[in-house]
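Chain by chain, the residues:
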Amino acid sequence: MSRPRPLSQDPIAEAYRQWVAHGWESVADGMALVTSLVRAQQIVMARVDEALKPSGLTFSRYELLQLLSFSRTGALPMAKASARLQVHPTSVTNTVDRLEAAGLVVRVPHPSDRRATLIEITSAGRKSVAEATAALNAEVFAEPGLPADQGRDLLRLLAQFRHDAGDFAVDDPENLAFHATWQSTGESSADPLGS
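For the structure given in this document, a descriptive report is provided here.

Conventions and cut-offs
- Residues numbered from 1 in each chain as written.
- Predicted model: local features only at pLDDT ≥ 70, side-chain atom pairs only at ≥ 80, totals over all residues.
- Heavy atoms only, no water.
- Salt bridge = Lys/Arg side-chain N within 4 Å of Asp/Glu carboxyl O.
- Helix = DSSP H or I, 4+ residues; strand = E, 2+ residues; numbered from the N terminus.
- Pairing = 2+ DSSP bridges.
- Axes fitted to C-alpha atoms, helices over the stretch in contact; angles between N-to-C directions.
- Contact = heavy atoms within 4.5 Å.
- Patch = residues over 30% accessible without salt bridge, like charges linked within 9 Å, V, L, I, M, F, W, Y side chains within 5 Å.
- Areas by Shrake-Rupley, 256 points an atom, 1.4 Å probe, with all protein chains shown as cover.
- Buried < 20%, exposed > 50% of the residue type's maximum accessible area, 1.4 Å probe, protein only.
- Core = buried A, V, L, I, M, F, W, Y, C linked by side-chain atoms within 4.5 Å.
- Parallel < 35°, antiparallel > 145°, perpendicular 65-115°, else oblique.
- Left-handed = near helix turned anticlockwise from the far one by under 90°.
- Nonpolar A, V, L, I, M, F, W, Y, C, P; charged D, E, K, R; others polar.
- Phe/Tyr/Trp six-rings, centres within 6.5 Å; stacked < 30°, edge-to-face > 60°.

What to know about the pattern of salt bridges
Next up, step 1: Summed over the entire model, instances satisfying the criterion amount to eight salt bridges.
Next up, step 2: Across the pair Glu14 and Arg17 runs a salt bridge, and its minimum N-O distance is 2.8 Å. In this pair, Glu14 and Arg17 are both assigned in helix α1 (residues 11-21), three residues apart and thus about one turn of the helix distant.
Next up, step 3: With a closest N to O distance of 2.8 Å, Arg162 and Asp167 form a salt bridge.

Examining the sheet that holds strand β2 (residues 105-109)
Next up, step 1: Across the sheet, three strands lie side by side as β1-β3-β2; this open sheet has antiparallel pairing. Edge positions in the sheet fall to β1 (75-77) and β2, since each has one partner strand and no second. The mean angle between the axes of side-by-side strands here comes to 30°, regardless of whether they run parallel or antiparallel.
Next up, step 2: Pairing of β2 with strand β3 (residues 117-121), which is carried by five bridges, proceeds in the antiparallel orientation. Pairing of Val105 across the sheet is with Ile121, part of β3.
Next up, step 3: Against the sheet, helix α4 (residues 78-85) touches β1, β2 and β3, its axis set at about 90° to β1.

Regarding a nonpolar patch on the surface
Next up, step 1: Together, Leu33, Leu37, Leu146, Leu154, Leu157 and Leu158 make up a nonpolar patch on the protein surface, roughly 520 Å² of accessible area in all.
Next up, step 2: Elements with a minimum of two residues in the nonpolar patch: α2 (25-52) and α7 (148-164).
Next up, step 3: Top contributing element to the nonpolar patch by residue count: α7, with three residues.
Next up, step 4: By the secondary structure assignment, Leu154 is in helix α7.
Next up, step 5: Leu154 gets classed as partly exposed once you look at its relative accessible area, which sits at 38%.

Description of the nonpolar core
Next up, step 1: Core analysis: the biggest nonpolar cluster contains 23 residues, and Leu64, Leu65 and Ile119 have the highest contact counts within it.
Next up, step 2: Counting only elements with at least two residues in this core, the list comes to α2, α3 (59-70), α4, α5 (89-101), β3 and α6 (123-141).
Next up, step 3: Per-element accounting of this core gives the leading share, five residues, to α3.
Next up, step 4: Those residues in contact with Ile119, other than ones at most four positions away along the chain, are Leu64, Leu68, Gly74, Ala75, Leu76, Met78, Ala81, Val92, Val96, Val105 and Val106.

Brief notes about the packing of α3 against α6
Next up, step 1: Relative to each other, α3 and α6 sit at 115°, their axes nearing to 9 Å. The pairing of α3 with α6 is recorded here as roughly perpendicular in orientation. For α3 against α6, the interelement crossing comes out left-handed. Listed contacts from α6 to Phe59, Tyr62, Leu65, Gln66 and Ser69 of α3 are Gly125, Arg126, Val129, Ala132, Thr133 and Leu136.
Next up, step 2: Looking at the contact of α3 with α6 residue by residue, the class counts come to six nonpolar, four polar and one charged.

Topic: the pairing of β3
Next up, step 1: One ladder, built from three bridges, connects β1 with β3; its direction is antiparallel. Bridging from a neighbouring strand, Leu76 pairs with Ile119 of β3.

What to know about the packing of aromatic side chains
Next up, step 1: Overall, the coordinates contain two aromatic pairs when judged by the stated rule.
Next up, step 2: Measuring from ring centre to ring centre gives 6.0 Å for Phe59 and Tyr62, while their planes differ by 25°; the resulting arrangement is stacked. With Phe59 and Tyr62 both in helix α3 and three residues apart, this pair spans about one turn of that helix.
Next up, step 3: What makes Phe59 partly exposed here is its relative accessible area of 23%.
Next up, step 4: For Tyr62, a relative accessible area of 6% gives the class buried.

In structure tokens:
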């Protein structure tokens, strides 16, 4: 992927200067932080989109296919998929519609709950998600843009932010095991997020 030509000045630094000049100095750091996070997300998503382009998948479709491929049976109820992906059920329905039209998933009746529908990945869906994963691993995840130690530091900070925003519960044993792997030497194992 070709990189865009860098701007001669950081627009976020200029926005910060304007915030201060307009008397909003007390919130200028927060504006710069939020704006930087949004811009970083745009940069990362451009790389993800480029890696996924050959597969014809969007990231949301990729995420759903990967979720299904990781499930024990290759199928999940729509509501469970929505919860795990942290998106509104309407978004999952739209994503499933597109994947189903492409032959990558099918809707099947739930075996024990007549009110529920399962989303099941097809063999074509498994092939597509495997190819997309190989591309993402090689083109994005192998070199996310920061050295490994800085990446772990950022991951720790973002996890703290997400936890404090109510995104996940730390007391869940799976969360504790995952977050414990980020600890550098000297941090207490009783506090997996280093807070």
